Amino acid sequence: MFGKVSFKGGVHPPHSKKQTETVAIETLPAPEKVIIPLSMHIGAPSKIAVKRGESVKIGQILAESGGFVSVPAHSSVSGKVLSIGNFPHPLGQNITAVEIENDNQDDAVATEPLDKDWREAAPGEIIQKINSSGIVGLGGASFPTHVKLSPPSDKKIDTLIINGAECEPFLTADHRVILEKTEEFLTGALILKKTLGANDGIIAIEDNKPDALALVNKTLQDSKFSALRLVTMHTKYPQGGEKQLISAATKREVPSGGLPMDVGCVVQNVGTALAVYEAVCTGTPLYQRVVTVTGPTVAKPANLLVRIGTPIRNVLEHCGVDLTKTKKLIIGGPMMGLAQPELDAPVIKSTSGLLTSMEIHPGVKSYNCISCGKCATACPINLVPSLLARYVEKDLYEDALDWNALDCMECGSCAYVCPSKINLVHFIKLGKYHINAIKKAASKKE
Amino acid sequence: MAEETAPSMLHVSTSPHIRHNETVPSIMLFVIIALVPSFIASVWFFGIRSIILTLVSILFCVATEWVIVRFLLKKPSTLSDYSAILTGILLAFNLPPDLPLWMAALGGVVAIGIGKMAFGGLGNNFINPALAGRAFLLASYPAAMTTFCPTRQGSINGLAQPIDAISQATPLAAFKESLANGTFQALDFQAAIPNLLTGNVGGCIGETSAIALLIGAAILWYKRIIGFSITMTYIGVVFLLFWIFNGVTSDILSSDALIIATFQIFSGGLMLGALFMATDMVTSPITTKGRIIFGIGCGVLTFLIRKFGGYPEGVSYSILLMNLVVPLIDRYSRPRLYGKVSA
Ligand code: SF4
Ligand code: SF4
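Each value, and the rule that gives it
- Residues numbered from 1 in each chain as written.
- Chains lettered and ligands numbered in written order.
- Predicted model: local features only at pLDDT ≥ 70, side-chain atom pairs only at ≥ 80, totals over all residues.
- Heavy atoms only, no water.
- Near = heavy atom within 4 Å.
- Helix = DSSP H or I, 4+ residues; strand = E, 2+ residues; numbered from the N terminus.
- Nonpolar A, V, L, I, M, F, W, Y, C, P; charged D, E, K, R; others polar.
- Patch = residues over 30% accessible without salt bridge, like charges linked within 9 Å, V, L, I, M, F, W, Y side chains within 5 Å.
- Areas by Shrake-Rupley, 256 points an atom, 1.4 Å probe, with all protein chains shown as cover.
- Salt bridge = Lys/Arg side-chain N within 4 Å of Asp/Glu carboxyl O.
- Pairing = 2+ DSSP bridges.
- Axes fitted to C-alpha atoms, helices over the stretch in contact; angles between N-to-C directions.
- Left-handed = near helix turned anticlockwise from the far one by under 90°.
- Contact = heavy atoms within 4.5 Å.
- Buried area = accessible area lost by both parts, 1.4 Å probe.
- Polar contact = N/O pair within 3.5 Å; in protein donor to acceptor, adjacent residues only side chain to side chain.
- Domains from an automatic or database assignment.

1. Comments concerning the site of ligand 1
All names here are of chain A.
Piece 1. Around ligand 1 sit 14 residues, and of these Cys379, Cys408, Cys411, Gly412 and Cys414 come closest.
Piece 2. Those elements giving two or more residues to the shell around ligand 1 turn out to be helix H13 (413-417) and helix H14 (424-445).
Piece 3. In terms of residue class, the shell around ligand 1 is made up of 11 nonpolar, two polar and one charged.

Have a look at this one:
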């Protein structure tokens, strides 16, 4: 293995992965009911394709893709459509979802792998398969994968990076996938690389997962994977951010306001690569995913293979979560995850982890900013978070915009290090919201 | 903030949901701990007087803050952030050993009352409170503030052989006078350097021992509480300027030039100022770029005051002046945006 790479800035929160990193993926029994939202991705919501009372099978399309930047949603159980209505969504607000009662028969629609070997297939055929399988980025952003694979013709992609950083503390789902589905996700990487026509295929993993690094390194010795190479990264948050990953692996800088494809890169998460393999080689659409369930009030921390649409409550019950002691429930990791007000929302395609906490407020007491500059040093985008927060607090949105508030990726590094415990991300998010509202209003006037 | 209590008793707040355990009080506490070696040195060289002066200064700083916060602002006490104690120590360290105690007390009241609370307390003050107190005393009681006694070991200017005419002067004053009256001998000042390192010279109680100050600063460097940008540029610029414009020789490769430059960085309040006063987070720039500009500014001003000013010393005024331009520096030292598209 060669030298380790990283990016500038960032923080070193405790990894807190011990509880689950050695726990093998376990299949969560399908629940009695699933709730499958029509929007589990960035882009247009899917269009409903079933009726109330209709019988459905596993893998059956419940809702068709709603446009180019959209994907279909598949059923994760067999049974009957109980209702189509408004249900809680983990990203907040109720949205339309299909409620299905599980008949526990696990009848599945006939799987349809690609009708030829993927090595012989045209990129368009693979992209079509990935799209119809409902695959989105499983790392958290849930951007439809087929869109990333279809760059405009003037953007030449030369590098595919598979994101195995899993830099959020507590989460180990990707780590387990790397260990337990090694060949599968690497094959997914090969498929992605071929589809993009990239000449470099990088598997990027942080050095806090030595077992994963060793196993991937060994597997890559096999000549069928010779098109891929392993890159070891220093463990630092947010190493798994697209821009940070690209900087670390290729030394390229994604332009402000631009996309990875502007520097010839496409980044896909480990879980996404696995989903691509399953769609293309086994014909299984995306109706389940691995979720890490952990935290101080979880009796049996686990990495669970969960059917999409399983209510969070069921997952927590399975892991013996003590709800009386749980003060906070976070979907995702502790740095960027979203705190949930209730337990009725379902696990969706982007749910990488469920994390409980006994603390209401991290860091209790807050103080005035003491200009220590730690937030600026930690910011991977080189913003000055303390100034941004001050501008937003005084409603100086123009200044916040001028100081590049819109470039903030909300990684939370600044607020994590702040000794004054100022909610910097809260202020910056608020500022971005106002700036965008002002911009919208201005463009309407014109 | 964005928080509400949902019926299920689950709490909602903005990410991140974990925080580093470093806090404002923990930072202040570490700076206080880092000043302990210098305090011990000051007691060693100036005796019990150092202890009394420091205690009086701390007491009046703390009391002033408490009275203002509790009785004028009617807010919960802010003493638990330890910053008032720190200001008290730093103010005392900037006072001559024989200063009347009531002056130290007055300095404490001014430091906290005007230097800090008048601006809105910790974080809102833009000048270093301890230096505000010192500057007030220096302007009001110049004689008392510039009268120094020898150490308990009998050294005042640290020179090898006491020069009669300037026997009651601190090393910096001795330097200035010897240049003025033509008695300058580089070897005398070279001999003073070991005394400057240990602190066996006259001066303000906390500024004399370079070694003790450096040991303390090492703790802060190690804990990453202060960085190198301000300190190194500040000291570096003073060294460089006195090396080139040493006032004695134009041959900068001569030992005289190097002796003068070395003598300058270890004497007076430069070490205390560059390590502990200029690095005060609240009153220095936020970004590394800004801090380098700030350090250079402090160095240039210190050089100018020491070289051309009426006082032999210029550290505290230099830092105060630079404190005033910090908002400006912050505005113009924006870090390069990641992925900045050059227009
Ligand atoms: S300002 Fe934004 S991008 Fe920078 S550290 Fe804070 S959250 Fe991350
Ligand atoms: S880390 Fe916090 S205290 Fe330090 S400069 Fe940033 S906002 Fe201010």
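2. Quick notes on a nonpolar patch on the surface
Piece 1. Judged by side-chain polarity, Phe119(B), Phe126(B), Leu321(B), Leu324(B), Val325(B), Leu328(B) and Tyr332(B) come together as a nonpolar surface patch covering roughly 680 Å² of accessible area.
Piece 2. By secondary structure assignment, the location of Phe119(B) is in the loop between helix H5 (101-113) and helix H6 (129-140).

3. Comments concerning the sheet that holds strand S2 (residues 33-37) of chain A
Piece 1. If you trace the four strands from one edge of the open sheet to the other, you get S2-S8-S7-S4 (chain A), paired in antiparallel fashion. Looking at strand neighbours, the two that pair on one side only are S2 and strand S4 (55-56) of chain A, the edges of this open sheet.

4. Things to note about unusual backbone geometry
Piece 1. In this structure, the amide linkage connecting Tyr237(A) to the following residue, Pro238(A), adopts the cis form with an omega of -5°.
Piece 2. For the bond from Ser15(B) to Pro16(B), the omega torsion is -5°, close enough to zero to count as cis.
Piece 3. Note on placement: Pro16(B) falls in the loop between strand S2 (11-12) and helix H1 (24-34).
Piece 4. The backbone phi angle of Gln93(A) is positive, close to 60°, even though this residue is not glycine.
Piece 5. Structurally, Gln93(A) is set in the loop between strand S7 (79-88) and strand S8 (94-102).

5. As for the packing of helix H9 (residues 186-198) of chain B against helix H12 (residues 255-266) of chain B
Residue and element names in this part refer to chain B.
Piece 1. It is the contact of H9 with H12, at a shortest axis distance of 9 Å, that shows an interaxial angle of 30°. Between H9 and H12 lies a crossing whose hand is left-handed. Here H9 contributes Ala186, Phe189, Gln190, Ala192, Ile193, Leu196 and Leu197 to the contact with H12, which in turn contributes Asp256, Ile259, Thr262, Phe263 and Phe266.
Piece 2. A class-by-class count of the residues in the contact of H9 with H12 yields nine nonpolar, two polar and one charged.

6. Comments concerning the interface of chain A and chain B
Piece 1. In this assembly, 65 residues from chain A lie in contact with 47 residues from chain B.
Piece 2. Regarding the contact of chain A and chain B, the summed buried area is about 4800 Å², with carbon and sulfur atoms giving 58% of it.
Piece 3. Where chain A packs against chain B, one counts three salt bridges.
Piece 4. Across the pair Lys374(A) and Glu22(B) runs a salt bridge whose closest N-O atoms are separated by 3.2 Å.
Piece 5. Seen at the junction of chain A and chain B, the total is 24 residue pairs in polar contact (both at pLDDT 80 or more).
Piece 6. Put simply, the parts of the chain that give the side of chain A that touches chain B at least two residues each are helix H7 (242-250), strand S15 (328-331), strand S16 (338-339), helix H10 (374-378), helix H11 (385-393), helix H12 (397-402), H13 and H14 of chain A.
Piece 7. Looking at the side of chain A that touches chain B element by element, the count peaks at four residues for H14(A).
Piece 8. Partitioning the side of chain A that touches chain B into residue classes produces 34 nonpolar, 18 polar and 13 charged.

7. Some words on the environment of Ala73(A)
Piece 1. Along the chain, Ala73(A) falls in strand S6 (residues 73-74).
Piece 2. For the pair formed by Ala73(A) and His434(A), sequence separation is 361 residues and the distance between their alpha carbons is 33 Å.

8. Quick word on the domain arrangement of chain B
All names here are of chain B.
Piece 1. Domain annotation for chain B reports domain 1 (24-145) and domain 2 (164-201 + 226-330).
Piece 2. For domain 1 and domain 2, the distance between their C-alpha centres works out to 23 Å.
Piece 3. With 23 residues of domain 1 at the contact, the number on the domain 2 side is 19 residues.
Piece 4. Overall, the association of domain 1 and domain 2 removes approximately 1800 Å² of surface from exposure, summing both partners, and the carbon and sulfur fraction of that is 73%.
Piece 5. One can count zero salt bridges joining domain 1 with domain 2.
Piece 6. Counting across the domain 1 and domain 2 interface gives three residue pairs in polar contact (both at pLDDT 80 or more).

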